[in-house]
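Each chain, written out:
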Amino acid sequence: MTRVLEVHDLEKKFGGVVAAHDINVTVDVGENIGIIGANGAGKTTFVNMVTGYLPPSSGRIEFMGKSVVGLKPRDVTKLGLCRSFQVPQVFLSETVFDNMLVAYGIAERSGLGLFTPLHTEAREARVDAQLKRYQISEYRDATASALPQGVRKLLDIAMATVRNPKLVMLDEPTSGISAEEKFGLMDIIMQALKEEETTVMFIEHDMEIVERFVNRVWAFYQGEIICDATTAEAMKDEKVREFVIGQEYHPGHVEGGAHA
Amino acid sequence: MRGIALDFELLIVILVDGLVYSSYLFLVAVGLTVIFGVQKVLNVTHGSFYAFGAYFAAYLIGLWTNGGLPDWGGFLLILGSALILGVVLGVVIERGLLKHLYGRDEHVMVLATFAAFLVLEDVILLIWGTDPYLAFAPLALLGSTEIAGLIFDVYSLSMISLAFVVAVILWYGLNRTQFGKILLAVIFDRELSMAMGINVTKVFLVTFIIGTFLGALGGAYHAPIISVQPGIGVEVIVLAFAVVVIGGMGSIPGALIGSIIVGISRASAVHMLPEVELFVIYGIMALVLVIRPEGLFAPVKARRI
Amino acid sequence: MTRQFDRTFWGLTAGLLFLFVLNLFLEEWMRTIGLQSLSRGLVAVGLLILWRTGLVSFGHALFFGFGAYTVALMQIVGVNDIFVLMFCGTAVAGLFAFLLGFLLRQYRAIFFALLNMAFSMILYGVLAKVESLGSTDGIGINQITYLGLKPEGEGYRMALFVFAAVFAYIAAVGAHWYLKSTLGMMTMAVRENEIRVEYLGYSAERAIHVKYVISGLLAGAGGVIMAITVGHVDPESMVYWIVSGDFVFITILSGTGNVGATFIGALVYELLRTYAFEFAPQIWQLILGGSLLFIIMFLPDGLWSIRSEWRNRRNLAAAARSETQVAE
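This one's a predicted model, so the numbers in the text were calculated from it and none came from an experiment.

Details of the overall build of chain B
Stage number 1. If you tally the helices and strands in chain B, you get twelve helices and two strands.
Stage number 2. At 19 Å, chain B has a C-alpha radius of gyration in line with the 19 Å of a compact globule built from 305 residues.
Stage number 3. Across its three principal axes, chain B shows a C-alpha extent of roughly 65 × 50 × 35 Å.
Stage number 4. Long-range contacts, defined here as pairs at least 24 residues apart, represent 77% of the contacts in chain B between residues at least 6 apart.

Below, the structure is given as structure tokens:
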């Protein structure tokens, strides 16, 4: 099974407004996909539909060969499709450690098992390993609300990936991060995800990030995908240049593949 | 023929009794709903305002009548006592208590008003004791009248008119006056109003005073019809809650419709199947919360996942 | 987060042993205070769990009443054994919590609070108006038996105290362990961020439903104990909205940091109420109300960890402007 995600004729209408239309894409194992497009182009709507938060008006979504249309986010998560958020969704009044603990607790137990103690030595070890993977171990005992934005994003992603998901969708992982920190952050994230052999898709506005970390690009515009191609091709594509990245953009040194 | 006449009588009785219930409920509930709409506080203390109104008015009317002064003065006393209480209690509670709690968890604020309610209940006892007060001078003054062969006292009917008048004045005040527009702005979006330069603190205080006045008026005007005794506030506040929930929290037309619904339902139960009186009222409240939590007419959005 | 585990557990155990010893020396009226504290404390533990989830119920007298009235009704049909009564009273309350939970779990904030209140007033309305259920006079409770035995004189009350203390202990320890489990930690998680819980793979609503049932069971148990202690059940002292308000009062008084503290809070409430009534009967409500106001306004200890959580939340409100930007 190399096909991780298949989307056919996906459409979403809110009353008269068409938020997404005619979306047909596939994702194979090991691909890194960048989703670009202006604000309001339909990127987050797409992620919301795939992860079950928004029901599509019509169309098919298959994850690992199984249809996920109509499933709730929690079910989609359990199948191995996870996401992170543009505004990191963490438990702000708790420590980083406790945040991760809860994430593991929910991931590892179900039914009556949920009544077993949360904090066990084994689990603690797993939390520490994950914190190390995302290089936020030093913040272990800090309260989430006091974290710098970059660390909070890493926590968000670390929580999202406790189940070693097959596919992870990151919603603007570097938004709100200063320019000089962006690359470092993405390096950590992509390295961590590569270790767990996760297929990665992320929404991103910064084209340099896209170029460096991604080998395929989907460009959204007004609810449709106007380009689905390798990074190099997408950056040169006329429509992409017109509607997304601007004519002034000059592609950097693209090595035709994802960096990790 | 007789069967139909009886049914018709029953209908009239239910209608009039129901509207009488609705009127004083409306006066109390509308104050409650306005305060909630503006300050987002479910003010349990409102029950005390009603009780204070009743006691104060009954007390003054008693003094007045014993002093041999004309009965119609009772009406002035009713209005006067409500005004005084509106200002005094309003300022005391809003400035003395609520001001310090704005911004805190909404449940805590309700509990604070609950605590204030407990305190005021005893203050009433301290001032007026435990014996009931009866002040039916205004009631007697207006005499009675006949509707469809049934006798009703004019005073009760006048309360219905009062409620109607208040509703119209409030509507006018809210939609046609400057202050009313400001109030609507604050109800809609507090922060935005502040950013626009509205003195929200002052608006809160004035609103609360108006609300208190209305609650006290409900009690004061109701006093001549009832036996004013300990515990009337307790009963009223939870009914007023039901009205506000049904009509929509923060909505004045909602308070009107809600009080009519509660009033008529209560009258129907009392006259046809007394055992379900409370069941019906709170059943409707629960039903509205389930079907349309914001209430029938509301600006507030319910948090439903 | 969890090194306190030992402290609370051993604290509770020590407390239980202390109560056993105390039981031998208590005067009757003290024992009554103790029993009523245990009864109300049980309800408050359930409310603590809900409070931690971000929910407050203004109507838990509903389940309290179910527990109490189940005792009364079962006695009418001849059941007098305390174990059976406790089981049934708790079960009935739990059953209703389970059924109502399907509805209630979809609500939050003030709507949750008011919907609970509405249901409790419905029960009140039924009980207060229906003759066969005792109406406003209520129903008397006869003395109960312990597996067929009925101790005489003071022994009866001592045995009741032991029963109540042991039950409360088990409930408290159970609640404490529950709060340390994954599901228990989800009180915090649901309160903080339901979306996140959902995306981690669990239903926030289901978590709430479980907690609601637990709180219903506990409140029912409290009702059973109160009914037997007082020897009487009636709508006004057990189901009325003011009773629910008092339960929340105790929750605030105790703070929600610690299950053991809840019983202490209940005791303080009980003492306050009793002494206020004793020495200043005209103003006992004033004293109670005044105390609640005092705690709300000035007493960080009374609020314990709630308060620091609130402080955090206010900071967070500034730090995390919009809750999610999930929709386009």
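A closer look at the overall build of chain C
Stage number 1. On a plain count of helices and strands, chain C comes out with 15 helices and two strands.
Stage number 2. Here the C-alpha radius of gyration of chain C, 20 Å, is about what a compact globule of 328 residues would show, namely 20 Å.
Stage number 3. With the principal axes as the frame, chain C shows a C-alpha extent of 70 × 40 × 40 Å.
Stage number 4. The buried share of chain C, reckoned over its 328 residues, is 56%.
Stage number 5. Of the contacts formed within chain C by residues at least 6 apart in sequence, a portion of 81% connects residues at least 24 apart.

Looking at the interface of chain C and chain B
Stage number 1. Chain C puts 41 residues into the contact, and the matching count from chain B is 39 residues.
Stage number 2. Counting residues per element, the ones that place at least two in the side of chain C that touches chain B are α5 (109-129), α9 (204-230), α11 (241-254) and α13 (284-298) of chain C.
Stage number 3. If you tally residues by element for the side of chain C that touches chain B, the top one is α5(C), at 15 residues.
Stage number 4. Its residues assigned to classes, the side of chain C that touches chain B comprises 30 nonpolar, seven polar and four charged.

Digging into the confidence of the model for chain C
Stage number 1. This prediction gives chain C a mean pLDDT of 87; 91% of its residues lie at or above 70.
Stage number 2. Confidence metrics for the complex model read pTM 0.88 and ipTM 0.86.

A few points about the sheet that holds strand β7 (residues 167-171) of chain A
All names here are of chain A.
Stage number 1. Across the sheet, six strands lie side by side as β6-β7-β8-β3-β9-β10; this open sheet has mixed pairing. In this open sheet, the two strands that pair with only one neighbour each are β6 (81-83) and β10 (224-230). Neighbour-to-neighbour, the strand axes of the sheet open up by a mean angle of 15 degrees, direction not taken into account.
Stage number 2. Here β6 pairs with β7 via three bridges, running parallel. The residue bridging cysteine 82 from the neighbouring strand is valine 168, located in β7.

Some details on the sheet that holds strand β2 (residues 17-28) of chain A
Residues and elements named next belong to chain A.
Stage number 1. Ordered in space as β2-β1-β4-β5, the four strands form an open sheet in which the pairing is antiparallel. Edge positions in the sheet fall to β2 and β5 (66-67), since each of these pairs with one other strand and no more.
Stage number 2. Inspection of the sheet shows strand β1 (residues 3-14) paired to strand β4 (residues 58-63) by five bridges, in the antiparallel sense. Residue glutamate 11 lies in a different strand from β4, and its bridge partner there is serine 58.
Stage number 3. Contacting β1, β2 and β4, helix α1 (residues 43-50) runs over the sheet at an angle of about 65 degrees to β2.

Looking at helix α9 (residues 238-245) of chain A
Given 3.6 residues to a turn, an α-helix orients residues that are three or four positions apart in the same direction.
Residues and elements named next belong to chain A.
Stage number 1. Along α9, the residues that are buried comprise Val240, Val244 and Ile245. Projection of α9 onto a plane perpendicular to its axis shows the buried side chains occupying an angular sector of 60 degrees, all on one side. Exposed residues on α9 whose side chains face more than 90 degrees from its buried face are Glu238, Lys239 and Glu242.
Stage number 2. Each element contacted by the buried residues of α9 is listed here: β3 (32-37), α7 (207-213), β9 (216-221), β10 and α8 (231-236).
Stage number 3. Downstream of α9 by a residue or two, glycine 246 has a phi angle that is positive, lying close to 90 degrees.

Some details on the nonpolar core
Stage number 1. The biggest cluster of nonpolar side chains holds 298 residues, and the ones touching the most others in it are B:Ala57, B:Ala240, B:Ala242 and C:Ala118.
Stage number 2. Discounting chain neighbours no more than four positions away, the residues touching C:Ala118 are B:Tyr282, B:Met285, B:Ala286 and B:Leu289.

Structural notes on unusual backbone geometry
Outside of glycine, negative phi angles account for most residues, and trans bonds account for most peptide bonds.
Stage number 1. Phi is positive for A:Glu172, which is not a glycine, with a value near 45 degrees.
Stage number 2. Mapped onto the elements, A:Glu172 comes out in the loop between β7 and α6 (179-195).
Stage number 3. Assessed through the 21 C-beta atoms surrounding it within 10 Å, A:Glu172 is described here as buried.
Stage number 4. The phi angle at C:Ala109 is positive, at roughly 50 degrees, despite the residue not being glycine.
Stage number 5. Note that C:Ala109 resides in helix α5.

Here's the deal with the pairing of strand β1 (residues 144-147) of chain B
Residue and element names in this part refer to chain B.
Stage number 1. When β1 meets strand β2 (residues 150-153), the two strands line up antiparallel, connected through four bridges. Counted as the bridge partner of isoleucine 147 is leucine 150 from β2.
Stage number 2. The hairpin turn running from β1 into β2, its antiparallel successor, is two residues long, and alanine 148 in that turn takes a positive phi close to 50 degrees.

Brief notes about helix α3 (residues 96-108) of chain A
Stage number 1. Helix length check: α3(A), at 13 residues, gives a terminal C-alpha distance of 18 Å against a target of 18 Å (1.5 Å per residue), a fit within 8%.
Stage number 2. When you tally the buried positions in α3(A), you get twelve out of 13 residues, the bulk of the element.
Stage number 3. Among the residues of α3(A), A:Val96, A:Phe97, A:Asp98, A:Asn99, A:Met100, A:Leu101, A:Val102, A:Ala103, A:Tyr104, A:Gly105, A:Ile106 and A:Ala107 are the ones counted as buried.
Stage number 4. Check the buried side of α3(A) and you find it contacts α4 (121-133) and α5 (149-160) of chain A together with α7 (182-192) and α8 (194-200) of chain C.

Brief notes about the packing of helix α2 (residues 28-52) of chain C against α9(C)
All names here are of chain C.
Stage number 1. Running from N to C, α2 and α9 cross one another at 170 degrees; their axes reach a closest spacing of 8 Å. One way to sum up the angle between α2 and α9 is to call them roughly antiparallel.
Stage number 2. Within the contact of α2 with α9, the residues separate by chemical class into 14 nonpolar, seven polar and two charged.

Overview of the interface of chain C and chain A
Stage number 1. Residue-level contacts link 33 residues of chain C with 37 residues of chain A.
Stage number 2. When residues of the side of chain C that touches chain A are traced back to their parent elements, those giving at least two are α6 (154-180), α7, α8 and α15 (305-319) of chain C.
Stage number 3. Class assignment of the residues belonging to the side of chain C that touches chain A gives a composition of 15 nonpolar, eleven polar and seven charged.

Looking at the pairing of strand β8 (residues 199-203) of chain A
Residues and elements named next belong to chain A.
Stage number 1. Burial within β8 is extensive, with five of its five residues counted as buried.
Stage number 2. Pairing of β3 with β8 involves four bridges; the strand directions are parallel. Looking at the pairing, asparagine 32 lines up with valine 200 of β8.
Stage number 3. In this sheet, β8 lies alongside β7 in parallel orientation, the contact comprising five bridges. Across the sheet, residue methionine 169 finds its bridge partner in β8, namely methionine 201.
Stage number 4. Taken together, β7, α6 and β8 constitute a β-α-β crossover, and its handedness is right-handed.

With respect to the environment of B:Leu79
All names here are of chain B.
Stage number 1. With respect to the secondary-structure elements, leucine 79 resides in helix α3 (residues 73-96).
Stage number 2. C-beta crowding within 10 Å serves as the criterion here: with 15 such atoms nearby, leucine 79 is assigned to the partly exposed category.
Stage number 3. Considering only alpha carbons, one finds leucine 79 and methionine 194, 115 residues apart in sequence, at a separation of 33 Å.

So, how was this worked out
- Residues numbered from 1 in each chain as written.
- Chains lettered and ligands numbered in written order.
- Predicted model: local features only at pLDDT ≥ 70, side-chain atom pairs only at ≥ 80, totals over all residues.
- Helix = DSSP H or I, 4+ residues; strand = E, 2+ residues; numbered from the N terminus.
- Rg over C-alpha atoms; globule rule 2.2 N^0.38 Å.
- Contact = placed C-beta atoms within 7 Å.
- Buried ≥ 20, exposed ≤ 12 C-beta atoms within 10 Å, placed from the backbone.
- Nonpolar A, V, L, I, M, F, W, Y, C, P; charged D, E, K, R; others polar.
- pLDDT = per-residue confidence, 0-100.
- Pairing = 2+ DSSP bridges.
- Axes fitted to C-alpha atoms, helices over the stretch in contact; angles between N-to-C directions.
- Arc of directions from axis to C-beta.
- Core = buried A, V, L, I, M, F, W, Y, C linked by C-beta atoms within 7 Å.
- Expected span 1.5 Å × (residues − 1).
- Parallel < 35°, antiparallel > 145°, perpendicular 65-115°, else oblique.
- Right-handed = clockwise from strand over helix to strand, strands pointing away.

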